[in-house]
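The primary structure of each chain is shown beneath.
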Amino acid sequence: MRVDVVSIFPEYFAPLDLSLIGKARANGTLRLAVHDLRTWTRDVHRTVDDTPYGGGPGMVMRPEPWGEALDALAPDELSPDGHTLPRLLVPSPAGVPFTQAMAHELAAESHLLFACGRYEGIDQRVLDHAATRMRVTEVSLGDYVLFGGEVAVLVILEAVTRLLPGVLGNAGSLDEESHAHGLLEAPMYTKPATWRGLEVPEVLRSGDHGRIARWRRDEALTRTADRRPDMIAALPPDSLDKRDVAT
Ligand SMILES: NC(=S)c1ccno1
């Protein structure tokens with residue numbers, strides 16, 4: 001997967017050299033490039049913002065640098081290695097919710113292009129013009145406001161990259177984790193069997209894999225019903241069997 005990120009703070013993405021994302025970059029699974037938006041400014045002060053039309057507080061990111069950046073990173077003509085146009089993702093409090101389902105959707109893309117807004121945001125015409133030639137998604141991590149899109153891109157990239165083949169040492173983890181099947185994951189335990197007077201549930205030490213699977217399913221259902229009843233309500237009707245109903 002190819003990923004391009006455009007920001008006025010490229011140094012925010014230094015963590016992407018670390019850990020499993022760093023390994024994915026080193027082995028070519030993830031081809032990531034971070035670009036400074038000011039590369040595409042033309043004035044001596046490398047200006048990227050201006051006052052908002054209609055008045056109001058703060059500044060808005062000017063369209064010209066963004067337009068040239070997107071032209072350069074998402075050229076209309078097919079690139080020599082057959083690249084089609086990327087999917088443009090713009091983190092924003094006004095975006096659609098980012099979910100595990102969207103992470104899977106993005107993991108199937110060949111080229112992602114992230115635009116990190118700052119100040120009061122990016123001139124809307126940048127997104128409108130980009131949408132005339134590529135898929136554009138404003139995406140939100142949650143109902144809160146950050147200084148800019150950079151931290152959101154780090155989160156999205158981590159959620160997406162871990163789904164790419166070969167990145168997680170144990171791909172089986174993906175099957176049992178929260179949101180894998182519309183539920184929150186069951187609690188996890190490791191040695192010692194007793195810690196500060198607290199015991200690991202006996203069933204997990206029983207060696208009875210059928211009982212263990214049933215216990216984990218029950219715990220996942222209970223935890224989800226307690227913490228995220230919206231997820232229970234969203235479960236497909238056929239995803240609960242009669243043994244679950246007994247829970
Ligand atoms: N909630 C999100 S993703 C955001 C981006 C910028 N500010 O908030």
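Every chain's residues receive numbers from 1 upward, in the order its sequence appears when written. Reporting in this predicted model follows two pLDDT cut-offs: at least 70 for local features of residues, and 80 or more for side-chain atom pairs to be given and counted; totals over whole chains, interfaces and linings ignore these cut-offs and use all residues. No hydrogens and no water enter the side-chain calculation; it runs on all heavy atoms of the structure.

Would you mind showing me how to read the overall build of the chain here?
Working definition: helices are DSSP H or I runs of at least four residues, strands are E runs of at least two. Numbering for both runs from the N terminus. Scanning the chain from terminus to terminus reveals 9 helices and 9 strands. The rule is simple: take the accessible area with a 1.4 Å probe, protein chains only, and divide by the maximum for that residue type; under 20% is buried, over 50% is exposed, in between is partly exposed. Taking all 247 residues of the chain together, the buried fraction comes to 38%. Counted over contacts in the chain with a minimum sequence separation of 6, partners at least 24 positions apart contribute 73%. Using a 1.4 Å probe, accessible areas were evaluated by the Shrake-Rupley method; residue-level cover was limited to the displayed protein chains. Taken as a whole, the chain presents about 14400 Å² of accessible surface, with 56% of it coming from carbon and sulfur. Contact criterion: two residues are considered in contact whenever any of their non-hydrogen atoms come within 4.5 Å of each other.

In this structure, what is going on with the packing of aromatic side chains? I would like to understand it.
For any pair of aromatic rings, the description consists of the separation of the ring centres together with the inter-plane angle of the planes. What counts as a ring pair is set by centres within 6.5 Å for rings of Phe, Tyr and Trp (its six-membered ring), and what kind of pair is set by the plane angle: stacked under 30 degrees, edge-to-face over 60, tilted for all other angles. The full count for this structure, using the stated rule, is 2 aromatic pairs. Ring plane angle 55° and centroid distance 6.3 Å describe the contact between Phe9 and Tyr12, whose orientation is recorded as tilted. Exposure remark for Phe9: the relative accessible area of 29% places this residue in the partly exposed category. Measuring from centroid to centroid gives 6.5 Å for Tyr189 and Trp215, while their planes differ by 55°, and the two rings are tilted. With Tyr189 in the loop between α6 (173–176) and β8 (194–195) and Trp215 in helix α7 (residues 209–227), this residue pair connects regions lying 26 residues apart in the sequence. The partly exposed category is assigned to Tyr189, whose relative accessible area is 42%.

What is the right way to look at the nonpolar core in this model?
Most often, soluble globular proteins have nonpolar side chains that are buried together. If you look at the biggest cluster of nonpolar residues, it comprises 28 residues, and the most contacted ones within it are Val3, Val5 and Phe114. Secondary-structure elements contributing two or more residues to this core are β1 (2–7), α1 (19–26), α3 (100–107), β6 (111–115) and α5 (150–161). Sort the elements by how many residues they give to this core and α5 lands first, with 6 residues. Nine residue types can take part in a nonpolar core, namely buried Ala, Val, Leu, Ile, Met, Phe, Trp, Tyr and Cys, and a core is a set of them joined through side-chain atoms within 4.5 Å. By size, the runner-up hydrophobic cluster in this structure holds 20 residues, among which are Ala69, Ala115, Ile122 and Leu127.

Quick question: what am I supposed to make of the sheet that holds β1 here?
The pairing of strands in a sheet comes from backbone hydrogen bonds and takes either a parallel or an antiparallel form. One open sheet holds the 5 strands; their spatial order is β2-β1-β6-β5-β7, and the pairing between them is parallel. Both edges of this open sheet fall to β2 (31–36) and β7 (136–140), since each of them pairs with a single strand only. With direction set aside, neighbouring strand axes in the sheet form an average angle of 30°. Where strand β5 (residues 87–97) and β7 come together, 6 bridges link them in parallel fashion. Considered in β7, the bridge of Leu88 is made with Val136. Along the sheet face, helix α2 (residues 63–73) touches β1, β2, β5 and β6 and points at about 165° away from the line of β1. Strands pair, by our definition, only if DSSP identifies at least two bridges between them. Lines fitted to C-alpha atoms define the axes here, with helix axes fitted over just the stretch in contact, and angles between the N-to-C directions of these axes take values from 0 to 180 degrees.

Looking at this model, I keep getting lost on the environment of Met1. Mind explaining?
Looking at the element boundaries, Met1 is found in the segment before β1. With 31 residues separating them in the primary sequence, Met1 and Leu32 have C-alpha atoms 8.2 Å apart. Met1 has contacts with Thr29, Leu30, Arg31, Leu106, Ala107, Glu109, Ser110, Leu112, Val160 and Leu164, leaving out every residue within four places of it along the chain.

What exactly am I supposed to notice about the site of the ligand here?
Close contacts around the ligand come from Pro91, Ser92, Pro93, Val139, Ser140, Leu141, Gly142, Tyr144, Val145, Leu146, Gly148 and Ala152, and that covers them all. We call two N or O atoms a polar contact when they sit within 3.5 Å, provided that within protein one can donate a hydrogen and the other can accept it, with sequence-adjacent residues counted only if both atoms are side-chain atoms. Between the ligand and the protein, one listed contact pairs a nitrogen atom with a backbone N or O atom of Tyr144 at 3.0 Å. Taking Leu146, its main chain carries an N or O atom lying 2.9 Å from a nitrogen atom of the ligand. Starting from 260 Å² of accessible surface for the ligand in isolation, the protein chains cover 96%. Going through the elements one at a time, β5 and β7 are the ones with two or more residues in the shell around the ligand. No other element matches the 3 residues that β5 contributes to the shell around the ligand. We call Asp, Glu, Lys and Arg charged. Ala, Val, Leu, Ile, Met, Phe, Trp, Tyr, Cys and Pro are nonpolar, and the rest, Gly among them, are polar. For the shell around the ligand, a count of residues per class yields 8 nonpolar, 4 polar and no charged. Definition of nearness: a residue and a molecule or strand are near each other if at least one heavy atom of the residue lies within 4 Å of the molecule or strand.

Honestly, the environment of Leu30 in this entry has me stumped. Any pointers?
With respect to the helices and strands, the residue Leu30 is situated in the loop between α1 and β2. Residue Leu30 is classed as buried on the basis of its relative accessible area of 2%. Remark: the alpha-carbon pair of Leu30 and Ser7, spanning 23 residues in sequence, is separated by 19 Å. Excluding its chain neighbours within four sequence positions, the residues that come into contact with Leu30 are Met1, Val3, Ile21, Ala24, Arg25 and Thr161.

Hey, could you run me through a nonpolar patch on the surface in this one?
A cluster of nonpolar residues, Tyr12, Tyr144, Leu146, Val151 and Val155, forms a patch on the protein surface that exposes about 410 Å² of accessible area. Counting through the fold element by element, Tyr144 comes out in the loop between β7 and α5. Residue Tyr144 is classed as partly exposed on the basis of its relative accessible area, which comes to 44%. Each patch is assembled from residues with relative accessible area greater than 30% and no salt bridge, linking like charges that lie within 9 Å and nonpolar side chains (Val, Leu, Ile, Met, Phe, Trp, Tyr) that lie within 5 Å. Here a salt bridge means any side-chain nitrogen of Lys or Arg lying within 4 Å of a carboxyl oxygen belonging to Asp or Glu.

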